[in-house]
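Below are the chains, spelled out letter by letter.
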Amino acid sequence: MAVLGIGGLFFRSTDPDALSAWYRTHLGIGAGCAAADTGPVDEWTWKTQGGPVVFAPFKADTDYFAADKQFMINLRVADLAEMIDTLTVAGIAVETRDEWNSPEVGQFARLHDPEGNAIELWEPPAA
């Protein structure tokens, strides 16, 4: 029997309450959040839309994300340009590079949360 999907993502934080609030405020994710068309929110979960999820261990010496971090979260978005604009207005630095994008895979942007954890935003190509 195969796993049905990701049930949670847990990581250490120096201030879990503040970091949770940052994710809810700026990315609309975390407990009490729900993506469009996923039903009512509840206090414990973040309801997401179904779609592709990449699960990929990287080599220990990868330069795809910071060497001092063990993970980088990738979040799927519907409108990358709008998300970048929203984050920029909030004073959050977002990096884009043409070489990250391809018509076959989609468009990407990167930012960091207040504790320095890398976040990659991914807009898959239109179906």
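Residues numbered from 1 in each chain as written. Predicted model: local features only at pLDDT ≥ 70, side-chain atom pairs only at ≥ 80, totals over all residues. Heavy atoms only, no water.

Caption draft 1: Representation of the sheet that holds strand 5 (residues 118–123) within the structure. A sheet is described by the order of its strands in space; here 3 strands give the open sequence 3-5-4, paired in mixed fashion. Every interior strand has two partners, whereas the edge strands, strand 3 (73–76) and strand 4 (107–112), have only one. In this sheet, adjacent strand axes meet at a mean angle of 25 degrees when their direction is disregarded. Two strands pair when backbone bridges link them, and strand 4 and strand 5 are joined in this way by 6 bridges, in the antiparallel orientation. When the sheet's bridge partners are listed, Q107 is paired in strand 5 with E123. Running at roughly 25 degrees to strand 5, helix 1 (residues 16–27) makes contact with strand 3, strand 4 and strand 5 of the sheet. (Pairing = 2+ DSSP bridges. Helix = DSSP H or I, 4+ residues; strand = E, 2+ residues; numbered from the N terminus. Axes fitted to C-alpha atoms, helices over the stretch in contact; angles between N-to-C directions. Contact = heavy atoms within 4.5 Å.)

Caption draft 2: Representation of the pattern of salt bridges in the model. A full pass over the atoms with the stated rule returns 2 salt bridges. The salt bridge involving R97 is made with E95; its shortest N-O contact spans 2.7 Å. Taking the relative accessible area as the measure of exposure, R97 reaches 37% and is therefore partly exposed. Relative accessible area serves as the criterion here: at 35%, E95 is assigned to the partly exposed category. A salt bridge links E120 to R110, with the shortest nitrogen-to-oxygen separation between them at 3.2 Å. You can see E120 sitting in strand 5 and its partner R110 sitting in strand 4, a full 10 residues away along the chain. Residue E120 shares its accessibility class with R110, and that shared class is buried. (Salt bridge = Lys/Arg side-chain N within 4 Å of Asp/Glu carboxyl O. Buried < 20%, exposed > 50% of the residue type's maximum accessible area, 1.4 Å probe, protein only.)

Honestly, it's all geometry; don't read function into it.
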